[in-house]
Amino acid sequence: MSFIERRTEQMSYNAFFQCINGCEKYELNQIIYKCRKCGDLLEVKHDMNALKEKSGKEWKELFFKRRTDMSFPNQSGVWIKREWINPLLDKEYIVSLGEGNNPITSLPRAAKELGLKSLSIKHCGNTHTGSFKDLGMTALVSQVNQMINKEKKPIQAVACASTGDTSAALSAYGRYAGIP
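Residues numbered from 1 in each chain as written. Predicted model: local features only at pLDDT ≥ 70, side-chain atom pairs only at ≥ 80, totals over all residues. Heavy atoms only, no water.

**Student:** Explain the overall build of the protein here, please?
**Tutor:** Within the protein, the secondary structure is distributed over 6 helices and 7 strands. Across the protein, contacts joining residues at least 24 apart in sequence account for 51% of those joining residues at least 6 apart. About 11100 Å² of surface is accessible on the protein, with carbon and sulfur atoms providing 53% of the total. Counting 26 positive and 19 negative side-chain charges, the protein places the averaged centre of each group 3 Å from the other. (Helix = DSSP H or I, 4+ residues; strand = E, 2+ residues; numbered from the N terminus. Contact = heavy atoms within 4.5 Å. Areas by Shrake-Rupley, 256 points an atom, 1.4 Å probe, with all protein chains shown as cover. Lys, Arg positive; Asp, Glu negative; His and termini not counted. Charge placed at Lys NZ, Arg CZ, Asp CG, Glu CD.)

**Student:** Can you help me understand the sheet that holds strand β4 (residues 25–26) in this one?
**Tutor:** Each strand in a sheet pairs with another by means of backbone hydrogen bonds, the pair being arranged parallel or else antiparallel. Read across the sheet, 3 strands follow the order β4-β3-β5 without closing on themselves; strand pairing throughout is antiparallel. Edge strands, defined here as strands with exactly one partner in the open sheet, are β4 and β5 (42–46). (Pairing = 2+ DSSP bridges.)

**Student:** Explanation requested: the nonpolar core in the structure shown.
**Tutor:** A general feature of soluble globular proteins is that nonpolar side chains tend to end up buried together. Core analysis: the biggest nonpolar cluster contains 11 residues, these being V95, M137, V141, V144, M147, I148, I155, A169, L170, Y173 and I179. Of all the secondary-structure elements, those providing two or more residues to this core are α5 (134–149) and α6 (165–177). Within the second largest apolar cluster, 9 residues are counted, among which are F17, Y26, I32 and L88. (Core = buried A, V, L, I, M, F, W, Y, C linked by side-chain atoms within 4.5 Å. Buried < 20%, exposed > 50% of the residue type's maximum accessible area, 1.4 Å probe, protein only.)

What follows is the structure in structure tokens.
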């Protein structure tokens, strides 16, 4: 099976679904819920060798540059790291509500009680939807948006089973993208 590759920032990055048992690989734009061979879960895998072609310092510099550039999609704390999220996604199909830029809050009293020099938290539920699931939902709905609008896949709607957080995020991102 050949996987789609994209030239991004002068380098070729690739990502795909892989069975957690290593059985099979599938393209990210494939509508699939479990491994067709063994029925187990799938996970997103990246071409780590391509990502390692940039040093940690180069990645930090790129992410800092994007973080200080508020043009779309850099206002998102998720999409400033787009090569690490979904390198096969065209920027024009990204569905973002500015997620991932929650403040880091220092907790000096808690640090002292725990015997730590410092302690900080990032509350990812402090978002447009009130759900920490926004961080993943931007990636999912963006991929679906590209599949519908660029690849012309016959997807009529998005849906999920949820007790709250996932459905709040999916509803918001789907509505923002115009996907029922």
